[in-house]
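# Close look at the chain arrangement
The lines below spell out each chain.
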Amino acid sequence: MDDFENFTWGVTIAAAQTEGAYLADGKGMSIWDTFTQKSRRIKDRSNNQIATDFYHRYKEDIDLAVDIGLKIFRFSISWSRILPDGSGKINQRGIAFYNNVIDYCLKAGIEPWITTYHWDLPQRLQDKGGWKNREILLDYENYVAILRDHFADKVKNWILINEAIVCIGAGYFLGIHAPGKRGIRNFSASIHHMLLAQAMGFKVLKEKENLNVGTAVSCTKIEPFTNNFSDKKAADRIDALMNRVCIEPYLGLGYPEKELPLSKRIKKFVQEGDMEALKTDFDFWGIQTYAREVVKGAWYIPYLGAMLVSPKKREVPVSIMGWETYPHGTQYFVERFARYDPKKPLWLSECGIALSQEEDDQERIAYYKDVIKGVKKVLHKGIHLKGILIWTLVDNFEWAEGYVPKFGIIKMEENTLNRKMKKTAIWLKEYLLNIKL
Ligand code: NOJ
């Protein structure tokens, strides 16, 4: 119990998945607003124009989080609500909306945390090439400075970019997320620019004293299918891509060229001074992990030479996302991050599992209980893990998967959008009450 005294539970949401109101009060179009207009890209043919309507229901949602006993409310800011054209004129109604959210959190006694970027680039910037165009560095820097000037007096904890590898991998390599770009050049340029932009964003925020600024990285446990050389090398490559590319340049270790030959492609976009500029002393790392993947060598797959062995074939528990349910990943990655130098406080800045509508939530409760077991172990080892942010509060728009996977601990009625606590929320409320004793 003692270990948990300073351990904090919160919740996290993202603008494009929850806000809706996609054109309200002067907001510009984002790449997700555009992407979902071609509905065949989204599995259930849905879009995020209304989503969970957080824009109009934020008070109710914040109240629910407080009622459950959560202490942190992490939300992302929609760039195109603040700057409808991505740069230029500020939309004061957008600023007012986030001020309302922040003020309501503070009044309700839950700490607001800001994510500056959770995948919804203004369409106007995409029209100029988006993350592929190096000019994005200045646009992002300018945007972050605006957020700092308007919100940093009231908000102390900031996460810059959410899951760069997934954002760029799915959006600029595989083309399954907005903006639907594919290919190695798109990927290599975009990932480098995004990482560099984040380093610049860090400096911009740190101009203000006493801010606690980190990043949130996607982590996927990777294992080789067999112990043969080819599978082990393939696993090293995928691990380097998924779990190192977006971390090690900040630590001054560069891109993982030895394990990941694709790094050479990224390096084509590195200009003089970039590797130095990437070095960043984040105040904390946000770890976000959901699944384990098993890979085998496949020489015929371009750039990666690897293939995933589907979890269904491996006969392991699989969630509705098609991912192996792997709560032990949290402990694994927390311990792995604890070995990086310099040592930094760690957060599980997202944590959750998707079920289908019909399920009665026992699997989700079991998932969180397993995560807690891992958390206890790392705390006993003296690792500086500060807390967990639940992914997510209300069932929401799960990107290309639409509304089918249900990650929320609160259910949303399809037609009325009314909220109702699921068994996990009720269990969590009870749990949080008791650990305070
Ligand atoms: C990662 C992302 O940050 C979030 O947007 C997504 O919904 C969840 N994980 C689940 O896939």
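These remarks concern the structure in this document. (Residues numbered from 1 in each chain as written. Predicted model: local features only at pLDDT ≥ 70, side-chain atom pairs only at ≥ 80, totals over all residues. Heavy atoms only, no water.)

What the protein contains, in helices and strands, is 16 helices and eleven strands. By the compact-globule yardstick of 22 Å for 437 residues, the protein fits well, its C-alpha radius of gyration being 20 Å. The dimensions of the protein, computed from C-alpha atoms along their principal axes, are 55 × 50 × 45 Å. In the protein, which comprises 437 residues, the proportion classed as buried is 61%. Long-range contacts, defined as pairs at least 24 residues apart, comprise 76% of the intrachain contacts of the protein with a sequence gap of at least 6. On the protein, roughly 17900 Å² of surface is accessible, and the fraction owed to carbon and sulfur atoms is 51%. With 62 positive and 55 negative side-chain charges, the protein shows a spacing of 4 Å between the two charge centroids. (Helix = DSSP H or I, 4+ residues; strand = E, 2+ residues; numbered from the N terminus. Rg over C-alpha atoms; globule rule 2.2 N^0.38 Å. Buried < 20%, exposed > 50% of the residue type's maximum accessible area, 1.4 Å probe, protein only. Contact = heavy atoms within 4.5 Å. Areas by Shrake-Rupley, 256 points an atom, 1.4 Å probe, with all protein chains shown as cover. Lys, Arg positive; Asp, Glu negative; His and termini not counted. Charge placed at Lys NZ, Arg CZ, Asp CG, Glu CD.)

With that settled, consider empty space enclosed by the protein. Applying the stated criterion across every chain, the model contains five cavities of 30 Å³ or more. Taken as a whole, the largest cavity spans an internal volume of roughly 90 Å³. The wall of the largest cavity is formed by Ala-15, Ala-16, Glu-19, Gly-20, Tyr-22, Lys-27, Ser-30, Asp-33, Asn-48, Ser-78, Arg-81 and Asp-120. For the lining of the largest cavity, the per-class residue count stands at three nonpolar, four polar and five charged. The calculated volume of the second largest cavity comes to roughly 50 Å³. Considering the residues around the second largest cavity, the lining is formed by Tyr-290, Ser-319, Trp-323, Glu-324, Thr-325, Gly-352, Ile-353, Ala-354 and Tyr-367. (1 Å grid on protein atoms, 1.4 Å probe; cavity = no way out; pocket = protein on both sides within 12 Å on 5 of 7 lines; lining within 4 Å. Points joined across faces, edges and corners; volume = space filled by probe spheres on them. Nonpolar A, V, L, I, M, F, W, Y, C, P; charged D, E, K, R; others polar.)

Quick look at helix H16 (residues 423-435) now. For an α-helix, 3.6 residues make a turn, and residues three or four places apart therefore share a direction. Along its 13 residues, H16 runs 18 Å from first to last C-alpha, staying within 8% of the 18 Å computed at 1.5 Å per residue. Within H16, the full set of buried residues consists of Thr-424, Ala-425, Trp-427, Leu-428, Tyr-431, Leu-432 and Ile-435. Along the long axis of H16, the arc covered by the buried residues comes to 160°, so they all point the same way. (Expected span 1.5 Å × (residues − 1). Arc of directions from axis to C-beta.)

Lining the immediate surroundings of the ligand are 13 residues, of which Gln-17, His-118, Asn-162, Glu-350 and Glu-398 lie closest. Here an oxygen atom of the ligand sits 2.8 Å away from a polar atom, N or O, in the side chain of Gln-17. In the model, an oxygen atom of the ligand is placed 2.8 Å from a nitrogen or oxygen of the His-118 side chain. Isolated, the ligand exposes 300 Å² of accessible area, and the fraction of that covered by the protein chains is 96%. Put simply, the ligand lies in the largest pocket. The residue inventory of the shell around the ligand, partitioned by class, reads six nonpolar, four polar and three charged. (Near = heavy atom within 4 Å. Polar contact = N/O pair within 3.5 Å; in protein donor to acceptor, adjacent residues only side chain to side chain. Sits in = over half its atoms within 2 Å of the grid points.)

Take Ser-319: it is sitting in the loop between helix H13 (311-314) and helix H14 (329-338). Apart from residues no more than four positions distant in its own chain, Ser-319 is found in contact with Thr-325, Ile-353 and Ala-354.

To continue, consider a nonpolar patch on the surface. Together, Trp-299, Tyr-300 and Met-307 make up an exposed nonpolar region whose accessible area comes to about 430 Å². Tracing the chain through its elements places Met-307 in strand S7 (residues 306-309). Classification of Met-307 as partly exposed rests on a relative accessible area of 30%. (Patch = residues over 30% accessible without salt bridge, like charges linked within 9 Å, V, L, I, M, F, W, Y side chains within 5 Å. Salt bridge = Lys/Arg side-chain N within 4 Å of Asp/Glu carboxyl O.)

This paragraph deals with unusual backbone geometry. Ala-178 connects to Pro-179 through a cis peptide bond whose omega is 5°. If you trace the backbone, Pro-179 turns up in the loop between helix H8 (164-173) and helix H9 (184-206). Phi is positive for Ala-51, which is not a glycine, with a value near 50°. Mapped onto the elements of the fold, Ala-51 is located in the loop between helix H2 (31-35) and helix H3 (54-68). Residue classification places Ala-51 among the buried positions, given a relative accessible area of 5%.

Here we take up the environment of Arg-40. Within the element layout of this structure, Arg-40 appears in the loop between H2 and H3. Residue Arg-40 is classed as exposed on the basis of its relative accessible area of 73%. Considered as a pair, Arg-40 and Ser-87 are 47 residues apart in the sequence and their alpha carbons are 30 Å apart.

The subject of this paragraph is the layout of surface pockets. Of the pockets and cavities examined, the largest pocket occupies roughly 1400 Å³. If you trace the largest pocket, you find 45 residues lining it, with Val-166, Leu-174, Ile-176, Met-242 and Trp-323 closest to the centre. Among the secondary structure elements, those contributing two or more residues to the lining of the largest pocket are H8, strand S5 (212-224), helix H10 (229-243), strand S6 (284-297) and S7. Counted by class, the lining of the largest pocket contains 28 nonpolar, eleven polar and six charged residues.

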